[in-house]
Structure formats: C-alpha cells, structure tokens
Amino acid sequence: MSREYREVEGVHFWVSASQPREGLPWRGWINFRTKVGKVYHDLRYGIPGEFNLCKKALDAAENYARVICDSGHVRSLIPNIA
C-alpha cells in the first residue's frame, strides 16, 4: 500500500487495509490529512464492513471517502482537515 494522497472537494486522504491475522476478513481505512498549526497528521477512520480481499477493502474505502467528501460532511466531522 502506498501513501498516495488523493483529493476530493479539497480534502486530502489515502486509503489502506488491514487484516488482524491470516484467515480473518480485511477492513478498509481512510487516512485523512489534518493540520494542527504547521504540522500535518493523518487521522485514521475505519469504514463499515468486512471484506474477503485486500483490494475490495481498498476499493470500498476509496468509494466511501469520495461519498463523504462529496457530501461535505467530512469537514463538519473533522474541523482541522487539510
């Protein structure tokens, strides 16, 4: 997985996936870029659902991020979004 930032409606994020251990479902994550003062951070947000493949978890996380960024709700949830 790479930290390739994507931008939707001015919100920067990258997606990742994790699996607690072999044989268990994958979980998708959105890593929102935030800024406090002059310092940037990543805020990790888990999306709902479990997936049998890493690729499916990554695709779902990206789609979920696009939906919440397009709706404008992410800015109200995370005030220091960068």
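The following paragraphs examine the structure supplied in this document. Note that the structure is a prediction, hence the values are computed from the model and not measured.

1. Thoughts on the pattern of salt bridges
- Under the defined criterion, the tally for this structure stands at 3 salt bridges.
- Residue Asp59 is joined to Lys55 by a salt bridge in which the shortest nitrogen-to-oxygen separation is 3.1 Å. Placement of both Asp59 and Lys55 in helix α1 (residues 54-71) is noted, with a separation of 4 residues, approximately one turn of the helix.
- Judged by its relative accessible area of 36%, Asp59 is partly exposed.
- The exposed category is assigned to Lys55, whose relative accessible area is 55%.
- Between Glu62 and Arg66 there is a salt bridge whose closest N-O contact spans 2.8 Å. Linking Glu62 with Arg66, this pair stays in helix α1, spanning 4 residues, or about one helical turn.

2. Comments concerning α1
- Helix length check: α1, at 18 residues, gives a terminal C-alpha distance of 26 Å against a target of 26 Å (1.5 Å per residue), a fit within 8%.
- Considered for burial, the residues of α1 that qualify are Ala57, Leu58, Ala60, Ala61, Glu62, Ala65, Ile68 and Cys69.
- In this structure, the buried residues of α1 make contact with β1 (6-8), β2 (11-18), β3 (27-36) and α2 (73-77).
- Of the residues one or two after α1, Gly72 is the one with positive phi, at around 85 degrees.

Reading the values: the criteria
Residues numbered from 1 in each chain as written. Predicted model: local features only at pLDDT ≥ 70, side-chain atom pairs only at ≥ 80, totals over all residues. Heavy atoms only, no water. Salt bridge = Lys/Arg side-chain N within 4 Å of Asp/Glu carboxyl O. Helix = DSSP H or I, 4+ residues; strand = E, 2+ residues; numbered from the N terminus. Buried < 20%, exposed > 50% of the residue type's maximum accessible area, 1.4 Å probe, protein only. Expected span 1.5 Å × (residues − 1). Contact = heavy atoms within 4.5 Å.

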